[in-house]
Amino acid sequence: MGNKFVTPVGKLAWSNIVQQGLNLKQELEWNCGFILSEDDSQGIMANLEKTLEDYRKVNASFPKTNTGLNYPFGPSMKKNDAGVKVAEPGMIAFKFKRPGAIFRRATGSKEENTAPLVFDSMGRPVRNVASIGPGSLGKVVYDTYGYDKAGQRGVGLQLLGFQIVKLEIDTIELEAVEGGWTPEQDQPASAMDQLLLSDG
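About the thresholds
Residues numbered from 1 in each chain as written. Predicted model: local features only at pLDDT ≥ 70, side-chain atom pairs only at ≥ 80, totals over all residues. Heavy atoms only, no water. Helix = DSSP H or I, 4+ residues; strand = E, 2+ residues; numbered from the N terminus. Buried < 20%, exposed > 50% of the residue type's maximum accessible area, 1.4 Å probe, protein only. Polar contact = N/O pair within 3.5 Å; in protein donor to acceptor, adjacent residues only side chain to side chain. Contact = heavy atoms within 4.5 Å. Pairing = 2+ DSSP bridges. Salt bridge = Lys/Arg side-chain N within 4 Å of Asp/Glu carboxyl O. Patch = residues over 30% accessible without salt bridge, like charges linked within 9 Å, V, L, I, M, F, W, Y side chains within 5 Å. Areas by Shrake-Rupley, 256 points an atom, 1.4 Å probe, with all protein chains shown as cover. Lys, Arg positive; Asp, Glu negative; His and termini not counted. Charge placed at Lys NZ, Arg CZ, Asp CG, Glu CD.

A. Spatial organisation of the side chain of serine 15. Looking at the element boundaries, serine 15 is found in strand β2 (residues 10-22). Relative accessible area serves as the criterion here: at 16%, serine 15 is assigned to the buried category. Reaching out from serine 15, the side chain makes a polar contact with the backbone oxygen of isoleucine 132 at a distance of 2.8 Å. Excluding residues that lie within four positions of it along the chain, serine 15 makes contacts with Asn31, Cys32 and Ile132.

Spelled out as structure tokens, the structure:
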């Protein structure tokens, strides 16, 4: 760690940047799927390869070739007209993640990790964003790391922050049910309504 990189503007495929989600190990983490074109992906690819090169220098047992290593990216998948997911030509999906807890070897205990930072389009930190939904455009602030543990070897992308260029909010759209309950049925008239309805 120590280097901080920033991607070009891309699109979120999914997002647990503000609120943590469960990973495959059922552990809490912040993460996101981030889509870039092949051309815009070249900087990340170069950083990952440099990380592997440096990691081999300090870990003699690490494989000398990249065959069989885990990488944090793959083809971006998109549903076609038949509803089947197919690779989106020329687009790559990257996974950035940040663990919810950090293991401290010195104490042998886990400590709560800090959340990724969120910035507006001007680069100013913001703390009042409820969610950053799929389809949002922005830049990821990240670091790279190599790993060799529990039989898994590879390179990863650590989520440090996200700069919002265009915000999409998670929503659920439902059809109206005629004659059903609405909040107005249970709410008393406001002070302004009571004033307008009064005789005086």
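B. Up close: the pairing of strand β10 (residues 152-166). Among the 15 residues that make up β10, 11 are buried, leaving the element largely enclosed by the rest of the structure. Of the pairings in the sheet, the one linking strand β8 (residues 117-119) to β10 comprises three bridges and is parallel in character. Bridging across to β10, valine 118 finds its partner in phenylalanine 162. Where strand β9 (residues 137-149) and β10 come together, 13 bridges link them in antiparallel fashion. Pairing of leucine 137 across the sheet is with lysine 166, part of β10. Remark: two residues form the turn of the hairpin made by β9 and β10, two consecutive strands paired antiparallel; alanine 150 in that turn has positive phi of roughly 50 degrees.

C. Looking closely at the pattern of salt bridges. Inspection of the entire model under this criterion finds seven salt bridges. One salt bridge connects glutamate 111 with arginine 104, and the closest N-O pair in it is separated by 3.3 Å. By relative accessible area, glutamate 111 is classed as partly exposed at 37%. Where glutamate 168 meets lysine 166, a salt bridge forms, and the shortest distance between an N and an O atom there is 3.9 Å.

D. Molecular detail of the environment of valine 140. Along the polypeptide, valine 140 turns up in strand β9. Taking C-alpha positions, valine 140 is 6.0 Å from glycine 161, a pair spaced 21 residues apart along the chain.

E. Local environment of a positive patch on the surface. On the surface, Lys25, Lys97, Arg105 and Lys149 cluster together to form a positively charged patch. Summarising the element assignment, arginine 105 is placed in the loop between β6 (101-104) and β7 (109-112).

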